[in-house]
Amino acid sequence: MFIDYETFRQRADRLRQLMRQACLAAGRPPGEVSLLPVTKTHPPAAAEYAARAGFTAVGENRVQEAVEKQPGVSLPLRWELIGHLQSNKTRTAATRFDRVQSADSGKLLRQLDRAAGELGRRLPVLLQINAGQDPAKFGADPAEAPRLLDTALACPGLQVDGLMTIAPLGATPDETAEHARRTFAALRLLRDDLAGRHGTPLAELSMGMSGDFALAIAAGSTLIRVGTALYGPRDPWPAA
Ligand SMILES: *Cc1c(COP(=O)(O)O)cnc(C)c1O
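A. View of helix H7 (residues 173-198). With 26 residues, H7 extends 37 Å between its outermost C-alpha atoms, agreeing within 8% with the 38 Å of an ideal straight helix rising 1.5 Å per residue. Along H7, the residues that are buried comprise Ala 177, His 179, Ala 180, Thr 183, Phe 184, Leu 187, Leu 190, Arg 191, Leu 194 and Ala 195. Here the buried face of H7 lies against helix H6 (145-153), strand S6 (158-164), strand S7 (204-206) and helix H8 (213-218). Directly after H7, the chain includes Gly 199, whose backbone phi takes a positive value near 60°.

B. Main features of the pattern of salt bridges. Enumeration over the complete set of coordinates arrives at 16 salt bridges. Put simply, Glu 178 and Arg 181 hold a salt bridge, and the shortest N to O gap is 3.4 Å. Taken together, the residues span about one helical turn, with Glu 178 and Arg 181 both in helix H7 at a distance of three residues. The partly exposed category is assigned to Glu 178, whose relative accessible area is 43%. We note a salt bridge from Asp 192 to Arg 191, for which the minimum N-O separation is 2.9 Å. The class of Arg 191 is buried, set by a relative accessible area of 12%.

C. Geometry of the pairing of strand S3 (residues 78-81). For strand S2 (residues 57-60) and S3, the ladder comprises four bridges, and the chain directions are parallel. Across the sheet, residue Glu 60 finds its bridge partner in S3, namely Leu 81. On the question of chirality, the crossover connecting S2 to the parallel S3 by way of helix H3 (residues 63-69) is right-handed. Bridging between S3 and strand S4 (residues 99-103) involves two bridges; their strand directions are parallel. Each bridged residue has a counterpart across the sheet, and for Leu 81 the counterpart in S4 is Val 100.

D. Here's a closer look at the site of the ligand. With respect to spatial proximity, the complete set of residues near the ligand consists of Lys 40, Ile 82, Ile 166, Met 209, Ser 210, Arg 225, Val 226, Gly 227, Thr 228 and Arg 234. Taking Lys 40, its side chain carries an N or O atom lying 2.6 Å from an oxygen atom of the ligand. Take Arg 234: an N or O atom from its side chain is 2.7 Å from an oxygen atom of the ligand. For the ligand, the accessible surface in isolation is 380 Å², of which the surrounding protein chains cover 91%. A majority-of-atoms criterion places the ligand in the largest pocket. For the shell around the ligand, the class distribution of residues is four nonpolar, three polar and three charged.

E. View of the layout of surface pockets. Estimated volume of the largest pocket: approximately 600 Å³. Along its surface, the largest pocket is lined by 29 residues, and Lys 40, Lys 137, Ile 166, Met 209 and Arg 234 are the ones closest to its centre. Going through the elements one at a time, H7 and strand S8 (223-226) are the ones with two or more residues in the lining of the largest pocket. Ranked by residue count, the leading element in the lining of the largest pocket is H7, at four residues. Quantified by volume, the second largest pocket comes out at close to 320 Å³. Along its surface, the second largest pocket is lined by 17 residues, and Met 19, Val 33, Ser 34, Leu 35 and Phe 55 are the ones closest to its centre. Listing elements by their share of the lining of the second largest pocket, those giving two or more residues are helix H1 (5-25), strand S1 (34-37) and S3. For the lining of the second largest pocket, a count of residues per class yields eight nonpolar, three polar and six charged.

Rules used in this analysis
Residues numbered from 1 in each chain as written. Predicted model: local features only at pLDDT ≥ 70, side-chain atom pairs only at ≥ 80, totals over all residues. Heavy atoms only, no water. Helix = DSSP H or I, 4+ residues; strand = E, 2+ residues; numbered from the N terminus. Expected span 1.5 Å × (residues − 1). Buried < 20%, exposed > 50% of the residue type's maximum accessible area, 1.4 Å probe, protein only. Contact = heavy atoms within 4.5 Å. Salt bridge = Lys/Arg side-chain N within 4 Å of Asp/Glu carboxyl O. Pairing = 2+ DSSP bridges. Right-handed = clockwise from strand over helix to strand, strands pointing away. Near = heavy atom within 4 Å. Polar contact = N/O pair within 3.5 Å; in protein donor to acceptor, adjacent residues only side chain to side chain. Areas by Shrake-Rupley, 256 points an atom, 1.4 Å probe, with all protein chains shown as cover. 1 Å grid on protein atoms, 1.4 Å probe; cavity = no way out; pocket = protein on both sides within 12 Å on 5 of 7 lines; lining within 4 Å. Sits in = over half its atoms within 2 Å of the grid points. Nonpolar A, V, L, I, M, F, W, Y, C, P; charged D, E, K, R; others polar. Points joined across faces, edges and corners; volume = space filled by probe spheres on them.

This is the structure:
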């Protein structure tokens with residue numbers, strides 16, 4: 001059974017407290033980091049809870065799942081795509097999402113740009129970078145990032161807000177933490193370098209999840225994407 005609203009609200013309050021502590025420990029103003037509830041595999045109620053609790057956006061990792069879930073959500077919310085995007089779904093993604101965090105190739109950027117243009121909108125995107133050099137993860141190689149950014153900046157239908165990454169898991173908790181530190185520091189350095197050289201702020205640094213958000217905040221994250229710590233373990237949705 002899915003959690004009730006009160007449980008969600010308590011977890012969200014607790015998480016905000018931990019975020020504040022992580023900010024203070026890093027010498028950062030607490031208002032600098034936002035929380036994106038990740039509703040993937042959870043019912044439409046998960047998104048409704050987020051809206052009721054004052055969140056303005058949720059994250060989904062599959063286009064089709066969001067398409068099926070959105071009609072069940074009546075409160076206003078922005079939807080962000082955080083999972084891998086296939087090129088045959090770019091049109092639907094540009095229609096159904098308010099931002100795409102997983103833009104990781106020039107081809108995808110050009111297709112999103114075309115779709116946004118046809119829809120008469122400007123679509124915010126983040127460039128997903130495989131900053132942890134994880135062979136199992138999507139995201140552009142850091143060495144390709146300058147070219148990817150040039151492509152994105154040349155797309156009139158896109159607005160480039162910043163960068164996103166996922167840290168690779170390790171074999172042990174210590175190794176996982178070590179990978180997370182290295183990955184987040186690498187993304188932060190890459191952002192600073194790209195922002196300077198391309199003259200664009202890339203203000204959004206989307207990094208950190210349930211298990212590693214404190215490390216991400218220490219490294220400069222502006223947006224953590226959290227599912228499990230808010231909604232509990234994932235269930236398949238819709239139920240098979
Ligand atoms: C599922 C997912 C998250 C949330 O992960 P949790 O560990 O449940 O907090 C964050 N980012 C991406 C890209 C995801 O797919």
